[in-house]
Amino acid sequence: MEEVRVSVRNLVEFILRGGDIDNRRQGSPENAMQEGGRIHRMIQKRMGAEYQAEVFLRYTHMTDKYVLTVEGRADGIIDTDGQITIDEIKGTYRDVARMKAPVDIHVAQAKCYAYMYGLQKEARQLRVRLTYCNIETEDVRYFYEDYSFQELSE
């Protein structure tokens, strides 16, 4: 049986893709990826002992014709006394204080990780936290949302 593998990020980017007829790129600085990695490590180190960083998660769905495997790494998971929080960290050049809500694609990515972790741990309730950090100022902004496992599975 054929296996189809896809990362959580690629899956949500495909499902929630949008477009614009303006094809001019407004790229980030060349070192944005390295700076994003630095921001991830900085935030993960600040979180304390109960914070599990870079948790690998996998979901497999079997059909008659193929096996679909979705996998990725949750930036962080906090599991204390049954309160499970899935943390998705995003480095940005935006002013995080002016953000009104998290970006939909980031929420979808975190919800996928929450579903996979909830399935693995048989959790009934999970919290998703989107952590935005300005790469230049290191200002941090959090957005929280609670979900039942039923909501995530739907």
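Reading guide: rules and limits
- Residues numbered from 1 in each chain as written.
- Predicted model: local features only at pLDDT ≥ 70, side-chain atom pairs only at ≥ 80, totals over all residues.
- Heavy atoms only, no water.
- Pairing = 2+ DSSP bridges.
- Helix = DSSP H or I, 4+ residues; strand = E, 2+ residues; numbered from the N terminus.
- Phe/Tyr/Trp six-rings, centres within 6.5 Å; stacked < 30°, edge-to-face > 60°.
- Buried < 20%, exposed > 50% of the residue type's maximum accessible area, 1.4 Å probe, protein only.
- Salt bridge = Lys/Arg side-chain N within 4 Å of Asp/Glu carboxyl O.

Undergrad: Go over the pairing of strand β6 (residues 140–148) with me, naming the residues and quoting the values.
TA: Pairing geometry for strand β5 (residues 125–134) and β6, over nine bridges, is antiparallel. Paired with Arg 127 across the strands is Asp 146, a residue of β6. As consecutive antiparallel partners, β5 and β6 are separated by five residues, and within that stretch Glu 138 has a phi angle of approximately 65°, a positive value.

Undergrad: Outline the packing of aromatic side chains, supporting the account with residue identities and numerical values.
TA: Under the criterion given, the structure shown has four aromatic pairs. Judged by centre distance (5.6 Å) and plane angle (70°), the rings of Tyr 59 and Tyr 115 are edge-to-face. Of this pair, Tyr 59 sits in strand β2 (residues 51–62) while Tyr 115 sits in helix α3 (residues 104–121), and the two are 56 residues apart along the sequence. Overall, Tyr 115 belongs to the buried group, its relative accessible area being 18%. With a centroid separation of 5.9 Å and an interplanar angle of 80°, the aromatic rings of Tyr 132 and Phe 143 are classed as edge-to-face. You can see Tyr 132 sitting in strand β5 and its partner Phe 143 sitting in strand β6, a full 11 residues away along the chain. As far as burial versus exposure is concerned, Tyr 132 and Phe 143 are alike and both buried. Put simply, the rings of Tyr 59, Tyr 115 and Phe 149 touch in pairs and so form one group of aromatic residues.

Undergrad: Any chance you could break down the pattern of salt bridges for me, citing the residues and the numbers?
TA: Within the structure shown, the criterion is met by 10 salt bridges. Arg 9 is the salt-bridge partner of Glu 13, the closest N and O atoms lying 3.0 Å from each other. With a gap of four residues between them, Glu 13 and Arg 9 both fall in helix α1 (residues 8–15), about one helical turn apart. A residue is classified by how much of its surface remains accessible, and Glu 13, at 32% relative accessible area, is partly exposed. For Arg 9, a relative accessible area of 47% corresponds to the partly exposed category. One salt-bridge network, held together by shared partners, links Glu 3, Arg 5, Arg 58 and Glu 71.

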